[in-house]
Structures are given as C-alpha cells and as structure tokens.
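# Breakdown of the fold
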Amino acid sequence: MSVFGAVAIPRRGTAPSPPARAHVPGEPGLWIVLFGDIAVFTILFVVYLAHRGENAELFAHSQQALNRTFGAVNTLVLLSSSLLIVLAVRAYRSDQRRHLTPRLAIAGMAVGSCFVAIKIVEYHEMVAAGITPSTNEFYMYYFVLTGLHLFHVTVGLIVLLVLVGLARNTSPTLANVAFFEGGACFWHMVDLLWIIIFPLLFLVR
Amino acid sequence: MKSLVRTDASRVWLILIVLTVVSWTLGADHAFGTHHVPTSLVIIAVAIFKIRLIGMYFMELRDAPLALRNVFESYCIVLLALLTGMYLLA
C-alpha cells in the first residue's frame, strides 16, 4: 500500500523524485520542535484532567455552554485542509503533477482559514453570553487551550502561505522539498492537537 | 488529478471524517445517558486512533526511519495511558 515505493534517492540540487523508503519527512531537527510542542500540550491536557477531577460537577456543567457543532465542524475543516496539503506535498514531488501544487496549497490554506473564522464566531458567542476566562476554572482552561491552539493555527497558516510561494517554483531543489514537507508536517501537527483538544474539552464528560 | 486524489491519504481522510462524526454523536447529550464513563473512554480511544492515522499517513511517518516512527507510536500509547488514567483516577 506504499505510496512511494522503492525509488532511487535523487541527486542534490536536481528535480526531486518521490522519497526513498525510511525517509524523514522535512528536516530531522524539525521533529524535535514538533515533539516538543506536542509535549507541552500533553502536559496541559494532563493538568486539565487533574483539575477536572477536582471539580467534576463544575466542569460538566460549564461544558454544556460550549457549542459542540462549532468544535466538530472545525475538526472536519482541519482534516480536509490537511488532506489538501498532503496532496500538495505529493504533487510537489512529482514532475508530472507539480503544476497542481499551488492550487492545492491555496485550497488547503483557504479551508484552514475557515477554522479561524469559526473560532472567532465561537469566541464572540461566548463573550456575548458573558463567558470569559475569568468566569470559572473550566473556561480558563478552555480559553488557554483553544487560544494556544489558535495561535498555532495562525502560525500554520503563515507557513502554508510560504508553501504557496514555494509551490510556484517549478524546479525545486531537495532543500525546497524538505522545507515543503516540514511545513506540511507542522500543519498536520496543528490538526493532530485539535483532534485531542476537541474531545477533551467538548465531548468527554 | 484523479490518480493524485485516489490515494491512501484520501481513504484515511474518509475514515477520519467518519470517526469524527461518530465521536460527535457519542458526545451529544442524548447519546450519553447514564453510560458517560465508557462513552468518554471510547471517545478518548477514537481520538488517539485518529492522531495515529494522521501521524502515519498525513505526516508520512510510516515511511520514516523506525526510530522516528517508534517515538510517535510510543507517544500514542503514552497519551492513551495518560488520558484514560487521568480521566478515571483524577
């Protein structure tokens, strides 16, 4: 089921072929950053659950005010954006399909931007209902976790914008491809984090 | 374009969408009833399965060197243990 199969490693500076087996996506150093970021969020998840255990009633009651539809739709938005970026990476590696990369990357960025729009509407609704981070402990965690994640989404969208610029290069070097893969992996990490944050805050009771 | 879209990534995306809708439905008020603990545990397990799919297929870690892949697989196991443990014991 491998997408790439066993192919020769392209020479440095030439138009890249699909990667060989046992290929590190992006730059190896990037993975230290990604796992570091994921570790920080994991600590926050554990702290959240610890405090939830101490105030189960308050957390369960406060959770009722959250709009699950916004959270679920935002999950679908990030998953769809991620797929478009996966296809953009694959197109970028292929001489025959490289011309599709800018369109796929722009589509991925456009779909990803919907997350920010939906989150703004969600925050607006909550603040209009008098809910702020200082309302209680649950909402403090809600705003910290979703706010920190929203910051990552914003950084991810800027990264995607850079990838759109890179995608216009019709003769990318290996370094270009590695950067493209790395940027895509950052965007997938943003998706991955939301996959945990959404059920933890919105669904788990 | 067709051959680009008809890949394992698209199939994984479809599975992720279905699992999201399943979790969303499970998490809805009417589906919880008195069984919210097992339901919550299922929701957590589904989420971990989803992030494994994202890592393996979207981040392409299944084609990465074993060491990098193992770090990610271990993270998924540790996260499952941490979240279920904290949910049940905290």
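Please refer to the structure placed before this passage.
Parameters at a glance
- Residues numbered from 1 in each chain as written.
- Chains lettered and ligands numbered in written order.
- Predicted model: local features only at pLDDT ≥ 70, side-chain atom pairs only at ≥ 80, totals over all residues.
- Heavy atoms only, no water.
- Core = buried A, V, L, I, M, F, W, Y, C linked by side-chain atoms within 4.5 Å.
- Buried < 20%, exposed > 50% of the residue type's maximum accessible area, 1.4 Å probe, protein only.
- Helix = DSSP H or I, 4+ residues; strand = E, 2+ residues; numbered from the N terminus.
- Contact = heavy atoms within 4.5 Å.
- Salt bridge = Lys/Arg side-chain N within 4 Å of Asp/Glu carboxyl O.
- Polar contact = N/O pair within 3.5 Å; in protein donor to acceptor, adjacent residues only side chain to side chain.
- Nonpolar A, V, L, I, M, F, W, Y, C, P; charged D, E, K, R; others polar.

### With respect to the nonpolar core
In this structure, Phe 45, Tyr 48, Tyr 142 and Ile 196 of chain A together with Phe 58 and Leu 83 of chain B are the most contacted members of the largest nonpolar core, which totals 91 residues. Among the elements of the structure, helix H1 (28-54), helix H3 (68-93), helix H4 (101-128), helix H5 (137-167) and helix H6 (174-203) of chain A together with helix H2 (8-27), helix H4 (36-58) and helix H5 (66-89) of chain B are those that each provide at least two residues to this core. Here this core takes 19 residues from H6 of chain A, the largest share from any one element. Once residues lying within four places of it in the same chain are set aside, the contact partners of Ile 196 of chain A are Phe 45 of chain A together with Ala 47, Ile 48, Ile 51, Leu 79 and Leu 83 of chain B.

### Thoughts on the pattern of salt bridges
In the structure shown here, the tally under the stated rule is nine salt bridges over all chains. With its nearest N and O atoms 3.1 Å apart, the salt bridge here joins Glu 122 of chain A to Lys 119 of chain A. Here Lys 119 of chain A and Glu 122 of chain A lie together in helix H4, a separation of three residues that amounts to about one turn. Judged by relative accessible area, Lys 119 of chain A falls into the buried class, the value being 1%. Glu 73 of chain B is the partner of Arg 52 of chain B in a salt bridge, and the nearest nitrogen-oxygen pair spans 2.7 Å. Taken as a pair, Arg 52 of chain B in helix H4 and Glu 73 of chain B in helix H5 lie far apart in primary sequence, 21 residues in all. The exposure class assigned to Arg 52 of chain B is partly exposed, which follows from its relative accessible area of 28%.

### What about the environment of Gly 29 of chain A?
All names here are of chain A. Residue position: Gly 29 is located in helix H1. Given the relative accessible area of 40%, Gly 29 is considered partly exposed. Counting along the chain gives 153 residues from Gly 29 to Gly 182, while the straight-line C-alpha distance between them is 9.8 Å.

### Section: the interface of chain A and chain B
At the interface, 50 residues of chain A touch 47 residues of chain B. Taken together, the connections running from chain A to chain B amount to three salt bridges. Where Asp 8 of chain B meets Arg 90 of chain A, a salt bridge forms, and the shortest distance between an N and an O atom there is 3.0 Å. Seen at the junction of chain A and chain B, the total is twelve residue pairs in polar contact (both at pLDDT 80 or more). Looking at the side of chain A that touches chain B, the elements with two or more residues in it are H1, H3 and H6 of chain A. With 15 residues, H3 of chain A is the largest single contributor of residues to the side of chain A that touches chain B. Here the residues of the side of chain A that touches chain B are counted per class, giving 32 nonpolar, ten polar and eight charged.

Coordinates in, geometry out; function isn't part of it.
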